[in-house]
Amino acid sequence: MNRLATALRAELFIARYSLGARLVVLAPLLLACAQLLIAALGDASTATQQTLIGEETVATNGYGNWVDSLVTGFTALGLLITGYSAHSFAADRELGALRHRLIRLSSRTQIVIVKLLLLHLLALASLLLLILGSWLLSTALWELGPVIEDGYELISEGEILDEIHLGLRLAVYPLPAAIAFGVLLSVVAQSAMQSLSLALGLTLAFDVFKTSLGDMAGYVYARFQPSLIDASYLGDVARLARGYSDVLIDERLLVLNLWSPLPAFLLCLGLSLFVVRTKNL
């Protein structure tokens, strides 16, 4: 246990000075804030045009824009954490740092576990910054409240927040599987560049073809991640938060969103631990 704690402290120290770790933690927040600022400029331009032509200016409910920024941040985080996971173990092997740790400090299994712990800590820090930072900026730019049209409340603020909380939980569940998938490729691949290319290539390829897979896509964790071709529940929440009533919720997909990432995580973790014990390092 002491060796595991020592190895984790060493990984945390290295991560403090790693550009990749900083990108994982900060880039999702920066992209989300950039999207919010662009949306605010668009709303200001629309309000100015309405004022010039004598139309009544309609205030924008900020919840929809906030959720849009969360989708952007989660999309960036999913790609970055998968890529960083795929690069981590393989890069240490190429640099020779892995052999040094095996001799001086840890076993192969401990190194994989410590990598996973570090990656989950980075993802958690990124998530906290993304959610808090984008929320603070949204409250500064817009009024957050219920959806009201012609004096009638279509969706209460409590209902919007409930949907946002559910969307956030469902978007978080696939992240451990994405991390474990990246680590598995990092252990299996012959080089860091090969591992990184495979991780991002397979992730983006699935994103492109997931609509063609039909129901089968629901058994793959990446189906439920916010992505460039988004089909996540969090993306639907952005429409619900704007008062759209044509959003159809498939309860079966919500159940799959809850349960399909766990087997994927366990499978990738088990394969990583098996391969790392037999692979020539």
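Residues numbered from 1 in each chain as written. Predicted model: local features only at pLDDT ≥ 70, side-chain atom pairs only at ≥ 80, totals over all residues. Heavy atoms only, no water.

A. View of the pattern of salt bridges. Following the criterion strictly, the structure yields four salt bridges and no others. For Asp 68, the salt bridge goes to Arg 242, with nearest N and O atoms at 2.5 Å. You can see Asp 68 sitting in helix H3 (residues 62-95) and its partner Arg 242 sitting in the loop between helix H9 (233-240) and helix H10 (251-259), a full 174 residues away along the chain. Given a relative accessible area of 23%, Asp 68 falls into the partly exposed group. Accessibility expressed as a relative area gives 33% for Arg 242, which makes it partly exposed. (Salt bridge = Lys/Arg side-chain N within 4 Å of Asp/Glu carboxyl O. Helix = DSSP H or I, 4+ residues; strand = E, 2+ residues; numbered from the N terminus. Buried < 20%, exposed > 50% of the residue type's maximum accessible area, 1.4 Å probe, protein only.)

B. Looking closely at a nonpolar patch on the surface. A cluster of nonpolar residues, Tyr 173, Val 255, Leu 258, Trp 259, Leu 262 and Leu 266, forms a patch on the protein surface that exposes about 600 Å² of accessible area. By secondary structure assignment, the location of Leu 266 is in helix H11 (residues 261-278). (Patch = residues over 30% accessible without salt bridge, like charges linked within 9 Å, V, L, I, M, F, W, Y side chains within 5 Å. Areas by Shrake-Rupley, 256 points an atom, 1.4 Å probe, with all protein chains shown as cover.)

C. Local environment of the packing of H3 against helix H7 (residues 174-188). Packing of H3 against H7 leaves a shortest axis separation of 7 Å and a crossing angle of 30°. It follows from the interaxial angle that H3 and H7 lie roughly parallel. Pair H3 / H7 crosses with right-handed handedness. Each of Phe 74, Leu 77, Gly 78, Ile 81, Thr 82, Ser 85, Ala 86, His 87, Ser 88, Phe 89, Ala 90 and Arg 93 in H3 lies in contact with H7, whose residues at this interface are Leu 175, Ala 178, Ile 179, Phe 181, Gly 182, Val 183, Ser 186 and Val 187. Each residue belonging to the contact of H3 with H7 can be placed in one class, and the counts come to twelve nonpolar, seven polar and one charged. (Axes fitted to C-alpha atoms, helices over the stretch in contact; angles between N-to-C directions. Parallel < 35°, antiparallel > 145°, perpendicular 65-115°, else oblique. Left-handed = near helix turned anticlockwise from the far one by under 90°. Contact = heavy atoms within 4.5 Å. Nonpolar A, V, L, I, M, F, W, Y, C, P; charged D, E, K, R; others polar.)

D. Representation of the confidence of the model for the protein within the structure. For the protein, the average pLDDT comes to 86, and 90% of its residues sit at 70 or higher. Highest mean pLDDT in the protein belongs to H7 (95); lowest belongs to helix H4 (residues 97-104) (64). (pLDDT = per-residue confidence, 0-100.)

E. Examining the UniProt feature "transmembrane region" (unreviewed entry) in the protein more closely. The positions that UniProt labels "transmembrane region" (unreviewed entry) are, in the present scheme, residues 70-91, 112-137, 171-189, 196-213 and 258-276. End C-alpha atoms of residues 171-189 are separated by 28 Å, and the span's content is 89% helix alongside 0% strand. (UniProt positions renumbered as here; feature names shortened; annotations may be inferred.)

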